[in-house]
Amino acid sequence: MIQNRAFGRVARGAAAALAGVLFLGACGGEENGGSTSGDGTNYVEGTGEITQVAVAERDQAPDLVGENLEGEELRLADYRGQVVVLNVWGSWCAPCRAEAPHLVAAAEETADQGVAFLGLNTRDLTTDNALAFERRYEVDYPSFYDPNGRLIGEFPNGTLNPQFIPSTLIIDREGRIAARALTALSKDQLLAALEPVIAEE
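Residues numbered from 1 in each chain as written. Predicted model: local features only at pLDDT ≥ 70, side-chain atom pairs only at ≥ 80, totals over all residues. Heavy atoms only, no water.

1. Let's talk about the sheet that holds strand β6 (residues 143-146)
Working step 1: Spatially, the 6 strands line up as an open sheet ordered β1-β8-β7-β4-β5-β6, and their pairing is mixed. Of all strands in the sheet, those bounded by a partner on one side alone are β1 (50-52) and β6. Direction aside, neighbouring strands of the sheet carry axes that sit 15° apart on average.
Working step 2: Of the pairings in the sheet, the one linking strand β5 (residues 115-122) to β6 comprises 4 bridges and is parallel in character. Looking at β6, one finds that Asn121 is bridged to Tyr145.
Working step 3: Contacts between helix α4 (residues 187-199) and the sheet are confined to β1, β4 (83-89), β5, β7 (167-171) and β8 (177-181), with β4 contributing the most and set at about 145° to the helix. (Pairing = 2+ DSSP bridges. Helix = DSSP H or I, 4+ residues; strand = E, 2+ residues; numbered from the N terminus. Axes fitted to C-alpha atoms, helices over the stretch in contact; angles between N-to-C directions. Contact = heavy atoms within 4.5 Å.)

Structural data, given as structure tokens:
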């Protein structure tokens, strides 16, 4: 069974429209859900919930196609057969900066276990700050560049919420969404969420 399952199935167009509405409200305060960070960025904190999804209940992740921060094509489908950690982040986001070293450490620790890490950079209007972020935290895995939230809008309603940045999805080897976190993660939290997905046949 799913813990607090909030994943629904909607048409891609409806999901994109809803995500666009939420994206516009992502800089709001407590009326948008969560609470503000108090650091002047109007960042909306996530719920802190990590949702694990039973195999039979999983939604298929969309076949994201976009560009990375260097302008090269990046496709989620190219990682089919691996467990994928997809982290939504922005260089402007203080919790993303705190989380980055944990993601890098987890990526290194799971590299030989068939796990691939991808980022989805959002709300950075140019790539300059995002690239500087990657250099500062020694992030060596690629990120989709999604300044306006278009790629976020391709996910089924409830699987990714642009109000909550950072957020992370774990996608299983069949391309299905196995877990979601609406909070910055420590290395240990992420490894604990990855463990049952890695162990799946």
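2. Let's talk about the pattern of salt bridges
Working step 1: Inspection of every chain in the model, using the stated rule, returns 6 salt bridges.
Working step 2: Of the charged contacts in the structure, one is a salt bridge between Arg75 and Asp63, with a shortest N-O distance of 3.1 Å. A residue pair is termed long-range when its members are at least 10 positions apart, and Arg75 in strand β3 (residues 73-75) and Asp63 in the loop between β1 and β2 (65-67) qualify at 12 residues.
Working step 3: With relative accessibility at 37%, the residue Asp63 sits in the partly exposed group. (Salt bridge = Lys/Arg side-chain N within 4 Å of Asp/Glu carboxyl O. Buried < 20%, exposed > 50% of the residue type's maximum accessible area, 1.4 Å probe, protein only.)

3. Looking at the confidence of the model for the chain
Working step 1: On average, residues of the chain carry a pLDDT of 81, and 75% of them reach 70 or more.
Working step 2: Segment residues 1-46 is flagged for pLDDT under 50; beyond a separation of four residues in sequence, or across chains, it makes 92 contacts in the model. (pLDDT = per-residue confidence, 0-100.)

4. Description of the packing of helix α2 (residues 94-110) against α4
Working step 1: Two elements in contact, α2 and α4, have axes whose closest approach is 9 Å; the angle formed by their N-to-C orientations is 35°. In this structure, α2 meets α4 at a crossing whose hand is right-handed. Of the residues in α4, those in contact with His102, Leu103, Ala105, Ala106, Glu109 and Thr110 of α2 are Lys187, Leu190, Leu191, Leu194 and Ile198.
Working step 2: Broken down by class, the residue content of the contact of α2 with α4 amounts to 7 nonpolar, 2 polar and 2 charged. (Left-handed = near helix turned anticlockwise from the far one by under 90°. Nonpolar A, V, L, I, M, F, W, Y, C, P; charged D, E, K, R; others polar.)

5. Focus on the environment of Thr127
Working step 1: Here Thr127 shows up in helix α3 (residues 127-137).
Working step 2: Between the C-alpha atoms of Thr127 and Ser91, which are 36 residues apart in sequence, the distance is 9.5 Å.
Working step 3: In contact with Thr127, other than residues within four places in its own chain, are Leu69 and Tyr145.

6. Some remarks on the packing of aromatic side chains
Working step 1: This structure, assessed with the given rule, holds 3 aromatic pairs.
Working step 2: For the pair Trp89 and Phe133, a centre-to-centre distance of 4.5 Å together with 25° between the ring planes defines the contact as stacked. With Trp89 in strand β4 and Phe133 in helix α3, this residue pair connects regions lying 44 residues apart in the sequence. Note on accessibility: Trp89 and Phe133 belong to one class, buried.
Working step 3: An angle of 55° between the planes, with centres 4.9 Å apart, marks the rings of Phe133 and Tyr137 as tilted. Linking Phe133 with Tyr137, this pair stays in helix α3, spanning 4 residues, or about one helical turn. For the pair shown, Phe133 and Tyr137 are each scored as buried.
Working step 4: Among the aromatic side chains, those forming a connected cluster through ring pairs are Trp89, Phe133 and Tyr137. (Phe/Tyr/Trp six-rings, centres within 6.5 Å; stacked < 30°, edge-to-face > 60°.)

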